[in-house]
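# An overview of the molecular structure
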Amino acid sequence: MAHLNQRRSENVNGDFYVDTTCINCDTCRWMAPSVFTTKGEQSAVYHQPTNAVERLAALQALLSCPTSSIGTVEKPEDIKIAQSSLPIAIDDNVYHCGYHSEKSYAAASYFIQRPEGNILIDSPRFTPPLVKQLEQRGGVDYMYLTHRDDVADHQKFAAHFHCQRILHSDDITSGTENVEIQLTGSDIFGSDIFEQSPDLLIIPVPGHTKGHTVLLYKNKYLFTGDHLAWSKSLQQLIAFRDFCWYSFSEQIQSMRRLLDYSFEWVLPGHGRRYHADALTMAQEMQKCLNWMENA
């Protein structure tokens, strides 16, 4: 939990604050942009919530902060309302889990609720309020892991929900050697992994890591892990060249491969999400590729 005696001086006066344990992960800034901003090399409150919508977003960010660096002066009597609001609906049956984990440096994770079997995408923190909400939505049948970095509490989720975990074999490391479904090669994986699910494709995109993959759902939602994200500062889709652990040239080739697919949402682990119609998305993808080739 955050500590009032470590409250950053950059916070405006009021109930919500960020303390000095902040790791500058950006979670609170995109979850509650009307409340949190960057001050120096950490986050701070620049505007106290003034209505129910802002307050709920601030509490959701508080719960999702991976280092518990956000606090309130007064005990939040409505914290259970915020807990019950997570995971947060993004669009249709796709949700943002919240509860980011420090083990994954605050990577976002997602949840797809499907009659054929629910899918948890990358690992949030294993925390009772989230587990309860996932149980109420039917549990977790598959736990798809985009790459080795964002696996966090996968073992706890697998033990609790008895779900099938999916990870490419090239990204298997100590701690993931018991993953149930280990993908191999560079093939596109679909209904052979997710039974009776032609609307799901796993696409290998080596670059950030050797075994990185992305998940395309309904030709609309692309869950990109650390392969692709929107940059607020550059106002375009990007890849993280400074955080590329395998090969940036391979990542360029992987990005080019995605030009063959249609989608409307980019839902990353790190970085900002992006939504546009399919034509605009294709244009932005080409812009991203051009940027990567000239970076």
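Our structure's up above, just so we're on the same page.
The rules behind each value
- Residues numbered from 1 in each chain as written.
- Predicted model: local features only at pLDDT ≥ 70, side-chain atom pairs only at ≥ 80, totals over all residues.
- Heavy atoms only, no water.
- Buried < 20%, exposed > 50% of the residue type's maximum accessible area, 1.4 Å probe, protein only.
- Helix = DSSP H or I, 4+ residues; strand = E, 2+ residues; numbered from the N terminus.
- Arc of directions from axis to C-beta.
- Pairing = 2+ DSSP bridges.
- Axes fitted to C-alpha atoms, helices over the stretch in contact; angles between N-to-C directions.
- Phe/Tyr/Trp six-rings, centres within 6.5 Å; stacked < 30°, edge-to-face > 60°.
- Lys NZ or Arg CZ within 6 Å of the ring centre and 35° of its normal.

Within helix α6 (residues 248-258), burial applies to Phe 248, Gln 251, Ile 252, Ser 254, Met 255 and Leu 258. The arc that holds every buried residue of α6, seen down its axis, measures 165 degrees, which confines them to one face.

Taken together, seven strands build an open sheet; the order of strands is β5-β6-β7-β8-β9-β10-β11 and the sheet is mixed. The outermost strands of the open sheet, each flanked by one partner alone, are β5 (88-91) and β11 (181-183). In this sheet, adjacent strand axes meet at a mean angle of 25 degrees when their direction is disregarded.

It is worth spelling out the packing of aromatic side chains at this point. Inspection of every chain in the model, using the stated rule, returns nine aromatic pairs. A centroid spacing of 6.5 Å and a plane angle of 25 degrees characterise the contact between Tyr 221 and Trp 265, whose relative ring orientation is stacked. One end of the pair, Tyr 221, is in strand β14 (residues 221-225); the other, Trp 265, is in strand β17 (residues 265-268), with 44 residues separating them in the sequence. You can call Trp 265 buried: its relative accessible area is 9%. Cation over ring: Arg 137 sits above Tyr 95, and NZ or CZ is 5.4 Å from the ring centre.

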